[in-house]
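Here is how the chains run, residue by residue.
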Amino acid sequence: ANQLGDDLKTVLISEREISDKLDEMARQIERDYEGRELLLVGVLKGAVMVMADLSRHLNRHVAMDWMAVSSYGSGTKSSGVVRILKDLDADVQGRDVLIVEDIIDSGLTLSWLLANLRSRGARSVEIATMLRKPDAAKVHIDVKYVGFDIPNEFVVGYGLDYAERYRNLPFVGLLNPHVYEK
Ligand code: PRP
Ligand code: MN
Ligand code: MG
């Protein structure tokens, strides 16, 4: 049997649903940023798939840059204090920035990132995320573009990992408990 398939309980969001949603999101972004330059900022590593696909749905010029961040502390709970592992190459001063994410869970990572990029003098900083877990939110963030609101369950695929695996699934799925219970 298939190595990946055995680990999955169900497909939550199919490849087709993702693609349709990205198309819709791309049209909104084209409208909202018409006549303005746009810098897409992907948050490594989870956002790689969304960034690659969303940018290809956009019929306009964009610049792309990347950040890698990590939450401080050894506990299982994210503290909201974030360390930059890889900073942007670009200077965001005066620019319209759209942060691209795979998922907003507690919201702590993005809340910090928003404040950080705004403090650098960006003209605007908005967020596009494929997934959001409203029931997991610890902090409120205004998110301009959301693909899907999903239940507070363990999801993988389309960039999202469990122990660095499953990012390469082309859809979003739920893991079989045997995977994380062993
Ligand atoms: C995951 C996800 C988001 C963040 C969301 O990244 O990709 O970036 O957590 O969590 P929050 O809303 O609770 O802050 P992770 O730190 O696992 O790194 P990764 O993208 O490399 O998997
Ligand atoms: Mn991430
Ligand atoms: Mg992760």
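Everything numeric in this text was worked out from a predicted model, so none of it was measured.

Asker: Tell me about the sheet that holds strand β5 (residues 96-104), residues and numbers included.
Answerer: Judged by pairing direction, the sheet is mixed, and its six strands sit side by side in the order β4-β3-β2-β5-β6-β7 without closing on themselves. For this open sheet the edge positions go to β4 (82-86) and β7 (145-149), each flanked by a neighbour on one side alone. If you compare each strand with its neighbour and ignore which way they point, the axes differ by 30° on average. Judged from the eight bridges that link them, β5 and strand β6 (residues 124-132) form a sheet pairing that is parallel. In the sheet register, V97 faces β6, and the bridge partner there is V125. Contacts between helix α1 (residues 15-32) and the sheet are confined to β6 and β7, with β7 contributing the most and set at about 160° to the helix.

Asker: So what about the packing of α1 against helix α2 (residues 48-57)? Which residues, and what values?
Answerer: With their axes 8 Å apart at the nearest point, α1 and α2 run at an angle of 60° to one another. What the angle tells us is that α1 and α2 run oblique. Helix-helix and strand crossings are classified by hand; for α1 and α2 the assignment is right-handed. Contacts between α1 and α2 pair L22, D23, M25 and A26 from the former with D53, L54 and H57 from the latter. Tallied by class, the residues present in the contact of α1 with α2 amount to four nonpolar, one polar and two charged.

Scoring rules and cut-offs
- Residues numbered from 1 in each chain as written.
- Chains lettered and ligands numbered in written order.
- Predicted model: local features only at pLDDT ≥ 70, side-chain atom pairs only at ≥ 80, totals over all residues.
- Pairing = 2+ DSSP bridges.
- Helix = DSSP H or I, 4+ residues; strand = E, 2+ residues; numbered from the N terminus.
- Axes fitted to C-alpha atoms, helices over the stretch in contact; angles between N-to-C directions.
- Contact = placed C-beta atoms within 7 Å.
- Parallel < 35°, antiparallel > 145°, perpendicular 65-115°, else oblique.
- Left-handed = near helix turned anticlockwise from the far one by under 90°.
- Nonpolar A, V, L, I, M, F, W, Y, C, P; charged D, E, K, R; others polar.

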